[in-house]
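Observations on the three-dimensional arrangement
Chain residues, written in single-letter form:
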Amino acid sequence: MMNDMAQDATAEGGRRIGEVILDLQHISLSFGGVNALTDISFDVREHEIRSIIGPNGAGKSSMLNVMNGVYHPQKGNILFRGEPRQKMDPHTAAAQGIARTFQNIALFKGMTVLDNIMTGRNLKMKCNLLEHALFWGKAQREEIEHRKKVEDVIDFLEIQSIRKTPVGRLPYGLQKRVELGRALAAEPTLLLLDEPMAGMNVEEKQDMCRFILDVNDQFGTTIVLIEHDMGVVMDISDRVVVLDYGKKIGDGPPDEVKNNADVIAAYLGTSH
Amino acid sequence: MLYREAGQFKASYKEDQQIFPIRQDRVGMAVILAIFFLAVPMFASEYWLQAILIPVLIFSLAAIGLNILTGYAGQLSLGSAAFMAVGAFGAYNFMLRIDGMPFIVALILGGLCSALVGVAFGLPSLRIKGFYLAVATLAAQFFIVWALVKFPWFSNHSSSGVISAQEVNILGFAFDTPVLKYLLTLAVVVVLALLAKNLVRSTTGRRWMAVRDMDVAAEVIGIRPMRAKLSAFAVSSFYCGVAGALYAYTYLGTVEPEGFNLDLSFKILFMIIIGGVGSILGSFLGAAFIVLLPIFLNVFMHSVFAGSLPAGLGSNLELIVFGGLIIFFLIVEPHGLARLWTLAKDKLRLWPFPH
Ligand SMILES: Nc1ncnc2c1ncn2[C@@H]1O[C@H](COP(=O)(O)OP(=O)(O)OP(=O)(O)O)[C@@H](O)[C@H]1O
Ligand SMILES: [Mg+2]
């Protein structure tokens with residue numbers, strides 16, 4: 001149904017929603033006896049903000065893990081930019097321009113904010129170990145060049161004052177922001193965000209929303225967002241997928257999803 | 001002079017990325033280097049050079065090696081001494097079997113042998129972690145020492161595997177006095193410490209630390225945990241190997257495989273625990289501490305008991321103090337002396353105005 005959505009639909013702000021960039025077809029994933037995902041199909045279009053919602057344990061995080069190769073579905077096809085891929089590891093996904101954040105913060109605790117975000121550029125840094133050991137000429141130039149990009153990210157996220165702080169010492173909300181920074185440093189084309197606003201207060205949520213919208217708007221980054229806050233989801237998403245018990249029960253623009261009887265039922269917990 | 005960074009603005013990322021961004025630290029480092037390269041050779045006694053300074057330097061190098069693996073890449077190892085042995089016996093055989101082999105080249109080749117062996121024994125780290133990996137490195141420790149004794153070729157068929165280091169000769173210049181041996185050791189250690197510092201603050205170091213802190217997240221941003229771990233094993237073993245070769249050539253003169261036993265591996269592990277896990281400076285502090293502690297205790301005991309020292313008390317006391325310190329650092333200050341040093345500097349930065 002949604003594939004009929006006008007190819008050239010323009011969202012507010014002049015963003016052009018483009019071609020399908022990621023196409024998930026009949027994905028099924030199980031762990032032992034548990035079916036985490038059952039026959040799920042949907043697509044993600046270039047430049048859009050695509051949200052995945054659903055009650056706890058619905059399979060949202062598993063879906064994200066399938067997208068960037070952390071989990072391998074037992075059934076189904078994934079097409080990224082039209083190319084089918086069966087098995088891919090997270091490394092390949094990263095090399096293809098997919099970056100993500102985690103539901104439980106997965107920062108490198110012993111490293112500073114700056115170093116954490118620098119690791120986000122690791123795939124773009126080409127010097128080898130010997131050049132690093134000498135840290136002269138090429139290696140130093142490379143470090144400085146990437147440091148500039150990282151400083152842009154730091155400015156963008158307004159975290160200049162904490163750049164030399166070990167991330168373990170930061171409050172939760174800021175850690176989430178740094179994790180977004182590490183993902184952004186990779187200059188991804190597809191950004192997967194797993195509950196980036198969970199546990200935040202209203203103000204922090206507003207900041208995070210603004211960053212997500214700005215990333216989408218300024219860099220044209222395609223975003224897949226998992227979020228429990230319905231207000232936020234309905235506000236910023238172009239299209240929403242609803243999962244429940246590993247099955248897709250709704251898919252469409254926010255307004256349509258909001259009025260979908262199955263979705264309402266799932267959220268009220270009346271039927272499955 | 002006050003220890004301040006006020007007024008020292010970093011105008012470029014290049015300046016901000018220096019090893020010592022604060023001017024007082026740079027001056028301090030220059031002074032320390034001048035003392036160790038110029039003053040020490042002039043004034044230190046033979047005893048100080050041979051029994052304290054040379055071993056401290058060599059152990060610092062080995063501790064840097066272990067710190068790269070354990071402190072930075074997060075892979076626990078109990079085989080440091082065995083990797084030292086590979087370096088020592090490797091360098092010995094290159095010197096022995098290749099005519100006109102320059103010592104420095106033999107030193108590097110010895111280190112490279114150790115790096116290769118390190119990578120081989122690092123392979124289990126791709127599958128197992130923590131305690132189980134420590135046990136696997138323990139196997140390396142026993143296997144390597146056993147192999148060096150078992151195959152007489154390694155020690156050129158000498159009895160019980162003892163080797164006598166050849167005379168060290170660089171560009172026709174013999175390093176045969178304690179002062180010269182000290183200077184040679186110092187030069188090698190300073191250069192390698194600088195390279196290690198560069199590594200840990202570069203992308204290589206960040207990859208190691210990323211794998212240490214959270215390997216799943218590291219993989220998702222495109223770091224290959226396998227490469228990071230094996231490169232850490234290689235570099236770490238290289239450092240231990242060079243330390244082992246120096247141990248034979250500038251410190252002891254004659255060594256045997258059994259000398260590189262588990263005790264020595266533990267000693268190096270204690271150095272990084274006390275000095276600071278994940279710190280190059282800490283490697284030096286830890287090595288100095290562990291070499292000096294027994295000497296201080298000895299002097300202390302002699303002055304307390306004035307010659308009537310009960311037999312065995314000294315060495316037992318040493319063990320007790322070691323044990324106590326290890327427990328203290330593991331529980332109270334896991335980042336060791338190096339962390340205490342930075343805390344002191346932070347205090348000094350604010351002094352005399354707290355807050
Ligand atoms: N690695 C795993 N091993 C076993 N079961 C798993 C694994 N990952 C997810 N599951 C199971 O798959 C199902 C979906 O989990 P998932 O984490 O994807 O849900 P979610 O929608 O993200 O939930 P939440 O809102 O709580 O984050 C759950 O039943 C979960 O227990
Ligand atoms: Mg989840």
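Refer to the structure printed above.
Values in this document were obtained by computation on a predicted structure and should not be read as measured data.

About the thresholds
Residues numbered from 1 in each chain as written. Chains lettered and ligands numbered in written order. Predicted model: local features only at pLDDT ≥ 70, side-chain atom pairs only at ≥ 80, totals over all residues. Heavy atoms only, no water. Pairing = 2+ DSSP bridges. Helix = DSSP H or I, 4+ residues; strand = E, 2+ residues; numbered from the N terminus. Axes fitted to C-alpha atoms, helices over the stretch in contact; angles between N-to-C directions. Contact = heavy atoms within 4.5 Å. Near = heavy atom within 4 Å. Polar contact = N/O pair within 3.5 Å; in protein donor to acceptor, adjacent residues only side chain to side chain. Areas by Shrake-Rupley, 256 points an atom, 1.4 Å probe, with all protein chains shown as cover. Donors = N, O, S within 2.8 Å, 3.2 Å for Na, K, Ca; no water. Phe/Tyr/Trp six-rings, centres within 6.5 Å; stacked < 30°, edge-to-face > 60°. Buried < 20%, exposed > 50% of the residue type's maximum accessible area, 1.4 Å probe, protein only. Lys NZ or Arg CZ within 6 Å of the ring centre and 35° of its normal. Salt bridge = Lys/Arg side-chain N within 4 Å of Asp/Glu carboxyl O.

**Some words on the sheet that holds strand E7 (residues 190–194) of chain A**
Residues and elements named next belong to chain A. Taken in spatial order, the six strands make up an open sheet running E6-E7-E8-E3-E9-E10, and their pairing is mixed. Edge positions in the open sheet fall to strand E6 (98–100) and strand E10 (247–252), since each of these has one partner strand only. With direction set aside, neighbouring strand axes in the sheet form an average angle of 15 degrees. Pairing of strand E9 (residues 239–244) with E10, which is carried by five bridges, proceeds in the antiparallel orientation. Across the sheet, the residue bridging to Val241 is Asp251, located in E10. Of the strands in this sheet, E6 and E7 are in contact with helix H6 (residues 172–185), which crosses E7 at around 160 degrees.

**Some details on the site of ligand 1**
Residues and elements named next belong to chain A. The local shell around ligand 1 holds 14 residues, among which Gly57, Lys60, Ser61, Ser62 and Gln103 are the closest. His228 is positioned with one of its side-chain polar atoms (N or O) 3.2 Å from an oxygen atom of ligand 1. Expressed as a share of its isolated accessible area of 630 Å², the protein-covered part of ligand 1 is 65%. Those elements that provide at least two residues to the shell around ligand 1 are strand E2 (34–45) and helix H1 (60–67). The biggest single contributor to the shell around ligand 1 is H1, with three residues.

**As for the sheet that holds E2 of chain A**
Residue and element names in this part refer to chain A. Read across the open sheet, the four strands follow the order E2-E1-E4-E5; overall the sheet is antiparallel. The open sheet has two free edges, formed respectively by E2 and strand E5 (83–85), since each of these has just one partner strand. Adjacent strand axes in the sheet meet at a mean angle of 20 degrees when their direction is disregarded. In this sheet, strand E4 (residues 75–80) lies alongside strand E1 (residues 20–31) in antiparallel orientation, the contact comprising five bridges. When the sheet's bridge partners are listed, Leu22 is paired in E4 with Phe80.

**Regarding the coordination of the magnesium ion (ligand 2)**
Summarising the metal site, the magnesium ion (ligand 2) is bound by the protein donors Ser61 of chain A (OG) and Gln103 of chain A (OE1), whose distances to it range over 1.9 to 2.1 Å. Placement of Ser61 of chain A in helix H1 and of Gln103 of chain A in the loop between E6 and helix H3 (113–119) is noted, with a sequence separation of 42 residues between them.

**Structural notes on the packing of aromatic side chains**
On inspection of all chains with the given rule, the structure shows 17 aromatic pairs over all chains. Ring plane angle 80 degrees and centroid distance 6.2 Å describe the contact between Trp146 of chain B and Phe151 of chain B, whose orientation is recorded as edge-to-face. Given the relative accessible area of 47%, Trp146 of chain B is considered partly exposed. Their ring planes at 40 degrees and their centres at 6.0 Å tell us that Phe266 of chain B and Phe270 of chain B sit as a pair that is tilted. Residue Phe266 of chain B and its partner Phe270 of chain B are located together in helix H11 (residues 262–275), separated by four residues, close to a single helical turn. Residue classification places Phe266 of chain B among the partly exposed positions, given a relative accessible area of 30%. Following the ring pairs from residue to residue traces out a cluster consisting of Phe121, Phe143, Trp146, Phe151, Trp153 and Phe154 of chain B. Over the aromatic face of Phe102 of chain A sits the side chain of Arg100 of chain A, whose NZ or CZ is 4.3 Å from the ring centroid. Cation over ring: Arg201 of chain B sits above Phe135 of chain A, and NZ or CZ is 4.2 Å from the ring centre.

**A closer look at the pattern of salt bridges**
Where charged atoms from two side chains of opposite charge approach closely, those side chains can pair. Residues and elements named next belong to chain A. By the definition in use, this model includes 19 salt bridges over all chains. One salt bridge in this structure joins Glu151 and Arg163, with 2.8 Å as the shortest N-O distance. Taken together, the residues Glu151 in helix H5 (residues 138–156) and Arg163 in the loop between H5 and H6 connect sequence positions 12 residues apart. Given the relative accessible area of 3%, Glu151 is considered buried. The partner of Arg210 in a salt bridge is Asp207, with the nearest N and O atoms 2.9 Å apart. With a gap of three residues between them, Arg210 and Asp207 both fall in helix H7 (residues 202–219), about one helical turn apart. Look at the salt bridges and you will find they share partners, linking Asp43, Glu48, Arg50, Arg239, Lys248 and Asp251 into a network.

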